[in-house]
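Topology and contacts: notes
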Amino acid sequence: MTDVFIRGRAVTCSLGDNIDRIITRVRAKESAPVELPIRIATVRYTRPYFRIPGGEERHADLEGFFYRVLFETVSRAISGAGLSKEEVRASALFFGSTSIDIPIFEATYKKAENSGAKKLSSESPGYGKIINEVSEHFGITGPCYTFTTACTSSANCLLYAASMIRTGRIERAIVIGYDLFNEVGFYGFESMKLIEPFAYRPFDKNRIGIIMGEGCGVVVLDAKPASPADFRFLGGSNACDTFNVTTHTLEGDDIAHTIHEALKHCGLGIHDIDAVKAHATGSPANDVTEYNGMKLAFGDSLPPFSGIKPYIGHTVGASGVIELVIIIESIARGFFPATPGFEQVDEEINARPITEALSMKSGTVMLNFFGFGGNCSSFIVTNKG
């Protein structure tokens, strides 16, 4: 079957949109959350959030801000991949998001309310609107797909795009993960008491929950590499744990199954994995479930693992692409990122993510995403050989 190469990539997140600066800040274990004001009835307080810079433009024209971030991030990925106009035009598009265009709907409702209109509903243009806007903006005539599977949305985009390239159905895919702040998601997690009010600390004994973030990540997957240094997307697996509408079984059986299937699909064993990018949401139950699943899958051979959400927040459906870009760009600069915020071991699980960056110029890395609703995705990339 055809190899799949990660030929171009770009990110816009709370750390900015310049990949060199983003990775420099990751190496230094820096982050840039802001405090968002919350009002529930008469109660006012704040919660941390990882926000893309650009507040004034956002408030003036949310829809314009939404599409500017999207188009500029796609443009940088296309440029980095060195694609010709003909190659761009023939590409397939994959879009993964939890919120899709909910942020735009919310802004529309607020404008109507401020103008005195009683607008309670709006006709949806369909789930494909955003990817169609990208297609028209860049003159792309290839097939377009939208995935919304909660936190695994863009991770699943990557899996399906790679599979279609590997089997010869398409030659190239532009894969986008994008989620922007929206009140439905933010207040939804806050209502479940899952938002961490202090610092992000995955796997730590004193963890409380997630800190949400927004971002846009784009990669170009191609049957042909742009350079010998390009990472290969080896493949992976996805599955759904139907134990509960929101969570996985604490034993982690389905997580272990997904990891085993990913290894099997790539023709690898547990000893071939040099490091694991854990989903590491920081919520009490998810961290237990994920670590139990990793222990079941790897046994005593669990590789060094890390969670990178403390740098950029939990970007929900966009996390698959965004976290992939940060991982491979870090390795390309000689290190595998540490896990900020982890200080005290939780005796219940005894998980110990790395707290200092590993020296790594080449490696085979597994990236895991175990999302809301029981969806599980795991894939493997390498720049070895």
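Residues numbered from 1 in each chain as written. Predicted model: local features only at pLDDT ≥ 70, side-chain atom pairs only at ≥ 80, totals over all residues. Heavy atoms only, no water.

What follows concerns the overall build of the chain. Along its length, the chain carries 12 helices and 14 strands. The C-alpha radius of gyration computed for the chain amounts to 20 Å, which stays within 12% of the reference 21 Å derived for 385 residues, consistent with globular compactness. For the chain, the C-alpha atoms occupy an extent of roughly 65 × 55 × 40 Å along the three principal directions. A buried classification covers 55% of the 385 residues belonging to the chain. In the chain, once contacts between residues fewer than 6 apart in sequence are set aside, the share between residues at least 24 apart is 79%. Approximately 15700 Å² of the chain is accessible, and the part contributed by carbon and sulfur atoms is 51%. Here the chain carries 37 positive and 44 negative side-chain charges, and the mean point of each set is 3 Å from the other. (Helix = DSSP H or I, 4+ residues; strand = E, 2+ residues; numbered from the N terminus. Rg over C-alpha atoms; globule rule 2.2 N^0.38 Å. Buried < 20%, exposed > 50% of the residue type's maximum accessible area, 1.4 Å probe, protein only. Contact = heavy atoms within 4.5 Å. Areas by Shrake-Rupley, 256 points an atom, 1.4 Å probe, with all protein chains shown as cover. Lys, Arg positive; Asp, Glu negative; His and termini not counted. Charge placed at Lys NZ, Arg CZ, Asp CG, Glu CD.)

Inspection of every chain in the model, using the stated rule, returns 26 salt bridges. The residue Asp-287 makes a salt bridge to Arg-207 at a minimum N-O spacing of 3.5 Å. With Asp-287 in helix H10 (residues 284-298) and Arg-207 in the loop between helix H8 (183-191) and strand E7 (215-222), the pair connects residues that are 80 residues apart, well separated along the chain. This pair shows no difference in class: Asp-287 is buried, exactly as Arg-207 is. A salt bridge links Arg-207 to Asp-346; the shortest N-O distance between them is 3.0 Å. Linking Arg-207 in the loop between H8 and E7 with Asp-346 in the loop between strand E11 (335-336) and strand E12 (358-359), this pair joins segments that are 139 residues apart in sequence. What emerges from the salt-bridge pattern is a single network uniting Arg-7, Glu-87, Glu-171, Arg-172, Asp-222 and Lys-224. (Salt bridge = Lys/Arg side-chain N within 4 Å of Asp/Glu carboxyl O.)

This part covers the environment of Gly-282. The topology assignment puts Gly-282 in the loop between strand E9 (275-277) and H10. C-alpha of Gly-282 to C-alpha of Asp-101: the two residues are 181 residues apart in sequence and 26 Å apart in space. Residues contacting Gly-282, with those up to four places away along its chain left out, are Tyr-200, Pro-202, Arg-207, Ile-208, Gly-209 and Asp-287.

Across the sheet, which stays open at both edges, the 10 strands sit in the order E5-E4-E6-E7-E1-E8-E14-E13-E9-E10 with mixed pairing between neighbours. Strands at the two margins of the open sheet, each flanked by one partner only, are strand E5 (144-147) and strand E10 (305-306). Pairing of strand E13 (residues 364-370) with strand E14 (residues 375-382) involves seven bridges; the strand directions are antiparallel. Bridge pairing in E14 links Leu-367 to Phe-379. Across the sheet, H10 is in contact with E9, E10 and E13; its angle to E13 comes to roughly 140°. (Pairing = 2+ DSSP bridges. Axes fitted to C-alpha atoms, helices over the stretch in contact; angles between N-to-C directions.)

A word on the packing of helix H9 (residues 253-266) against H10. Direction vectors running N to C along H9 and H10 enclose 50°, while the axes themselves pass 7 Å from each other. Relative to H10, H9 is oriented oblique. Crossing of H9 over H10 shows right-handed handedness. Together, Asp-253, Ile-255, Ala-256, Ile-259 and His-260 of H9 and Thr-289, Glu-290, Gly-293, Met-294, Leu-296, Ala-297 and Phe-298 of H10 make up the contact between the two elements. A per-class count over the contact of H9 with H10 returns seven nonpolar, three polar and two charged. (Parallel < 35°, antiparallel > 145°, perpendicular 65-115°, else oblique. Left-handed = near helix turned anticlockwise from the far one by under 90°. Nonpolar A, V, L, I, M, F, W, Y, C, P; charged D, E, K, R; others polar.)

Quick look at the state of the cysteines now. According to the stated counting rule, one finds zero disulfides in the structure shown. Unpaired in terms of disulfides, Cys-13 finds its nearest cysteine sulfur in Cys-216, a separation of 10 Å. Look at Cys-13 and you get buried, because its relative accessible area is 0%. (Disulfide = S-S within 2.5 Å.)

Another point: the packing of aromatic side chains. This structure, assessed with the given rule, holds 16 aromatic pairs. Between the aromatic rings of Phe-105 and Tyr-109, the centroid separation amounts to 6.4 Å while the plane-to-plane angle is 20°, which identifies the pairing as stacked. With Phe-105 and Tyr-109 both in helix H5 (residues 102-114) and four residues apart, the pair spans about one turn of that helix. Judged by relative accessible area, Phe-105 falls into the buried class, the value being 18%. On the basis of relative accessible area, Tyr-109 is assigned to the partly exposed category, the value being 30%. Where Phe-147 meets Tyr-160, the ring centres are 5.4 Å apart and the plane angle is 45°; that geometry is what we call tilted. Note that Phe-147 is positioned in strand E5 and Tyr-160 in helix H7 (residues 153-166), a separation of 13 residues in sequence. A relative accessible area of 16% places Phe-147 in the buried class. Above the plane of the ring of Phe-181 lies Arg-51, whose end atom (NZ or CZ) is 5.0 Å from the centre. (Phe/Tyr/Trp six-rings, centres within 6.5 Å; stacked < 30°, edge-to-face > 60°. Lys NZ or Arg CZ within 6 Å of the ring centre and 35° of its normal.)

On to unusual backbone geometry, then. Phi at Ala-150 takes a positive value of approximately 60°, unusual for a residue other than glycine. For Ala-150, a relative accessible area of 18% gives the class buried. Backbone geometry places Ala-280, a non-glycine residue, at a positive phi of 50°. Looking at where Ala-280 falls in the secondary structure, it is placed in the loop between E9 and H10.

Turning our eyes to something else, we now look at the pairing of strand E4 (residues 92-96). The buried fraction of E4 amounts to five of the five residues, a majority that puts the element mostly inside the structure. Strand direction decides the pairing type here: E4 and strand E6 (residues 172-179), joined by five bridges, are parallel. Bridge pairing links Leu-93 to Ile-174 in E6. Here E4 pairs with E5 via four bridges, running parallel. Looking at the pairing, Phe-94 lines up with Tyr-145 of E5.

Interpretation in functional terms is not warranted from these geometric data alone.
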